[in-house]
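# Breakdown of the fold
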Amino acid sequence: MDTEAHDTERDRSSVPPAGDEEGSRSVRFSAAAWRRPALLGGACVAFLLLFSTFVLQPFLIPSGSMQPTADIGDRVLVNKLAYRFGSVPQRGDVVVFDGTGSFVREEPEGNPVAGLLRWAAAAVGLAEPAETDYIKRVVGVGGDRVVCCDKRGRVEVNGRPVDEDYLYPGDAPSKVPFDIVVPQGTLWVMGDHRSHSRDSRDHLGEPGGGMVPVDKVVGRADWIGWPVSRWSAVDESGAFTRVPAPGPVGSHG
């Protein structure tokens, strides 16, 4: 009988108290309750990053170089599919590009973890873009001769003066004279706020002469997505519609 009593006592001790079982269920329920939102949140973040990387990226405007088209703090939406299927940048397009090798000689070094976090924040428009990313307007494409300026102070492309209606009010097209022929596969780009823009003009004497390789273009700025008061498409300029196709080098007077 003593043996049976001990067995019974041992069996009872192996059963957890009712309070412990309820606590275990509570912990399991709490973990399950958090797991689904966490997985859903992670999937949403991953989708946003993929969408931003390959399709449409918000780009935070860090300076006034593109006023009045894009103001400081605007988020322009960069269409990354614009030049993916055989299309190429055209005169008048507002483009975002990587200036490494053209506007900056080397990519600045930094903490890789901080760089990754900054990239993720910039990809969804929460932080300024990388120091090597720029937004400018295409003024000349491969083969074009771009000259500044004619007797009325206008930029000429292939011998045709351009009335740049998108310029910041009161700005001259350029106070820096230049006469260049754009090599094939590159672009000559300038800001709309010419007196506050560091663009192709500022790199004339450097290797590459301020030209941006087409394969460094990230995409075309098609819309202003934020703030709400500035929701609009980035207007296509008709300034270049009468510019003729480029001819042989030196053919434009």
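Residues numbered from 1 in each chain as written. Predicted model: local features only at pLDDT ≥ 70, side-chain atom pairs only at ≥ 80, totals over all residues. Heavy atoms only, no water.

## Describing the state of the cysteines
Summed over the entire model, instances satisfying the criterion amount to one disulfide. Disulfide pairing places C148 opposite C149 at an S-S distance of 1.7 Å. (Disulfide = S-S within 2.5 Å.)

## Things to note about the pattern of salt bridges
Evaluated as defined, the whole model comprises eleven salt bridges. Note that D144 and R91 form a salt bridge whose closest N and O atoms lie 2.7 Å from each other. With a gap of 53 residues between them, D144 in the loop between β4 (133-140) and β5 (145-148) and R91 in the loop between β2 (75-79) and β3 (94-98) connect regions that are remote in the sequence. R91 carries the same exposure label as D144, and that label is buried. The shortest N-O distance in the salt bridge between E164 and R194 comes to 2.7 Å. Taken as a pair, E164 in the loop between β7 (160-161) and β8 (178-181) and R194 in the loop between β9 (186-190) and β10 (212-213) lie far apart in primary sequence, 30 residues in all. With a relative accessible area of 4%, R194 lands in the buried category. Three or more residues joined by partner-sharing salt bridges are found here, namely D150, R154 and D163. (Salt bridge = Lys/Arg side-chain N within 4 Å of Asp/Glu carboxyl O. Helix = DSSP H or I, 4+ residues; strand = E, 2+ residues; numbered from the N terminus. Buried < 20%, exposed > 50% of the residue type's maximum accessible area, 1.4 Å probe, protein only.)

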